Amino acid sequence: MNILRGNNLNVDFQNPVKFNNKQKEEFLNFLKTLFYVELQNIKTFRTSRMGDKLFSKEWSSKELAYIFKIDESNEEVTKKLGRTWMSVVMRRGILIPMILQYASKKKVDIYKVNIEKLIEDFLKESKEIKLMNKLKRQEEKLIEKNEKQELVLLEGEIPKIERMVEQRIVGFTEESVKLKKERLKELKNKYKDKI
Amino acid sequence: MVKIQINEDLLDFEAPVYMNDEYFKRFCKKIEEITKEEIEIIPVIEKERWAGIIDKQKPRKWKPEELLLLLSPLEHTELKKKLRRSEMSLVLKQGDFVPKFTSWAKNKGYSLQEITSSIIKQYLEESEDEHP
């Protein structure tokens, strides 16, 4: 069986895996000891695999409640959710001001209060779907801003690196130019209507 | 949340799943145990959403007084003005620092009124947080 291991520590199957009922049960029970697991019956499996494209996973409300626990370390959260450190930190960075504002409004001490209860109250009071959409919009806006900055930087950087490759300066390779050009092309395509 | 997609006896991840080395070893070992098949691990270069963000961030060091502001109930727009930092750097630092600090301060038994920049300084000295 082939398992794909990414450079950012993500894991994927090369193809869907065939299990008999006993194996399936054993595998799922094992996964549940590592992660929060949700099962989904589907008709067709995805064809793209890790490395083919960028995968984005929707955040569920259970996950939301979990990352709100601001006294839980990012390492624990990434392990439990099967998400990268960066995606957890980004999402938490957007959520944290909300929970701090809520705690301040309610005049509670976040170092003394039962965090789970505080989150429960907050989620009850805020409309969850609206909150999820707000988070998604904020994150997308932030990423777009950064990627546009990156695009401008790459446009200036690539000719300089090409010159360094020509001059055979150590540390600059044709491969690195190629990767940067690919990234630039990808960003230009993404923002062609917005620039 | 790890979503597992199932269609009769076939099973797949909804999307790639992050696993640290310890989890990955356990995962492979378990699959080998269950299937009695040998596993071949294929290294893959992932498409990166954060590549540009990570590469281009050259953060200034955070001072305890600045970190204290990250614990306040201020909106990012206000924090940006006060700290003269980009929104991305605020988001990343808040997402990283606040959970670590909150957990530390709770264990120490501090209350909200006691949190000052000198307590944060103490935290930075005690922890291995490099606070770039």
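Residues numbered from 1 in each chain as written. Chains lettered and ligands numbered in written order. Predicted model: local features only at pLDDT ≥ 70, side-chain atom pairs only at ≥ 80, totals over all residues. Heavy atoms only, no water.

Enquirer: Any chance you could explain the overall build of chain B here in plain terms?
Expert: The helix and strand inventory of chain B stands at six helices and four strands. N-terminal to C-terminal, the α/β element order of chain B is β-β-β-α-β-α-α-α-α-α. Expressed as a percentage of the 132 residues in chain B, the buried residues total 50%. Look at the contacts in chain B between residues 6 or more apart in sequence, and 40% of them connect residues 24 or more apart. (Helix = DSSP H or I, 4+ residues; strand = E, 2+ residues; numbered from the N terminus. Buried < 20%, exposed > 50% of the residue type's maximum accessible area, 1.4 Å probe, protein only. Contact = heavy atoms within 4.5 Å.)

Enquirer: How should I be thinking about the interface of chain A and chain B in this particular structure?
Expert: Interfaces are often sized by the accessible area lost when the parts come together. Taken together, the contact pairs 91 residues of chain A with 79 residues of chain B. Regarding the contact of chain A and chain B, the summed buried area is about 8,600 Å², with carbon and sulfur atoms giving 62% of it. Together, A:Met1, A:Arg5 and A:Tyr111 form the three largest contributors to the area buried by chain A at its contact with chain B, with a combined 10%. Salt-bridge contacts for A:Lys18 lead to B:Asp9; the nearest nitrogen and oxygen are separated by 3.8 Å. Viewed at the interface, chain B and chain A are joined by 39 residue pairs in polar contact (both at pLDDT 80 or more). Counting residues per element, the side of chain A that touches chain B draws most heavily on helix H4 (residues 85-105) of chain A, which supplies 13 residues. (Buried area = accessible area lost by both parts, 1.4 Å probe. Salt bridge = Lys/Arg side-chain N within 4 Å of Asp/Glu carboxyl O. Polar contact = N/O pair within 3.5 Å; in protein donor to acceptor, adjacent residues only side chain to side chain.)

Enquirer: Sorry, what's going on with helix H3 (residues 74-81) of chain A here?
Expert: Since the α-helix advances by 3.6 residues per turn, residues separated by three or four positions end up pointing in the same direction. Taken together, the buried positions of H3(A) are A:Asn74, A:Val77, A:Thr78, A:Lys79 and A:Leu81. Within two residues after H3(A), A:Gly82 carries a phi angle of roughly 65 degrees, on the positive side.

Enquirer: Mind showing me how you'd approach unusual backbone geometry here?
Expert: With glycine set apart, most residues show a phi of negative sign, and most peptide bonds adopt trans. Residue A:Leu9 is not a glycine yet carries a positive backbone phi of 70 degrees. Tracing the backbone through its elements, the reader meets A:Leu9 in the loop between strand E1 (2-6) and strand E2 (10-13). The backbone phi angle of B:Glu8 is positive, close to 50 degrees, even though this residue is not glycine. Secondary-structure assignment places B:Glu8 in the loop between strand E1 (2-7) and strand E2 (10-13).

Enquirer: Hey, could you run me through helix H5 (residues 87-108) of chain B in this one?
Expert: Under the 1.5 Å per step criterion, the end-to-end length of H5(B) is 30 Å for 22 residues, consistent within 8% with the ideal 32 Å. Of all 22 residues in H5(B), 16 are buried; the element is thus mostly enclosed. (Expected span 1.5 Å × (residues − 1).)

Enquirer: Quick question: what am I supposed to make of the sheet that holds E1(B) here?
Expert: Strands in a sheet are paired, the pairing made by backbone hydrogen bonds, and the direction either parallel or antiparallel. Read across the sheet, four strands follow the order E3(A)-E2(B)-E1(B)-E4(A) without closing on themselves; strand pairing throughout is mixed. Two strands in the sheet have a free side with no partner beyond their single neighbour: strand E3 (17-18) and strand E4 (37-41) of chain A. (Pairing = 2+ DSSP bridges.)

Enquirer: Explain the sheet that holds E1(A) to me, please; I cannot follow it from the model alone.
Expert: With mixed pairing, the four strands of this open sheet are ordered in space as E3(B)-E2(A)-E1(A)-E4(B). Because the sheet does not close on itself, it has two edges, and the strands there are strand E3 (17-18) and strand E4 (40-44) of chain B. Sheet topology note: the E1(A)/E2(A) ladder contains three bridges and is antiparallel. Across the sheet, residue A:Leu4 finds its bridge partner in E2(A), namely A:Asp12. Relative to the sheet, helix H1 (residues 21-35) of chain B contacts E1 and E2 of chain A together with E4 of chain B, its axis offset from that of E1(A) by approximately 175 degrees. (Axes fitted to C-alpha atoms, helices over the stretch in contact; angles between N-to-C directions.)

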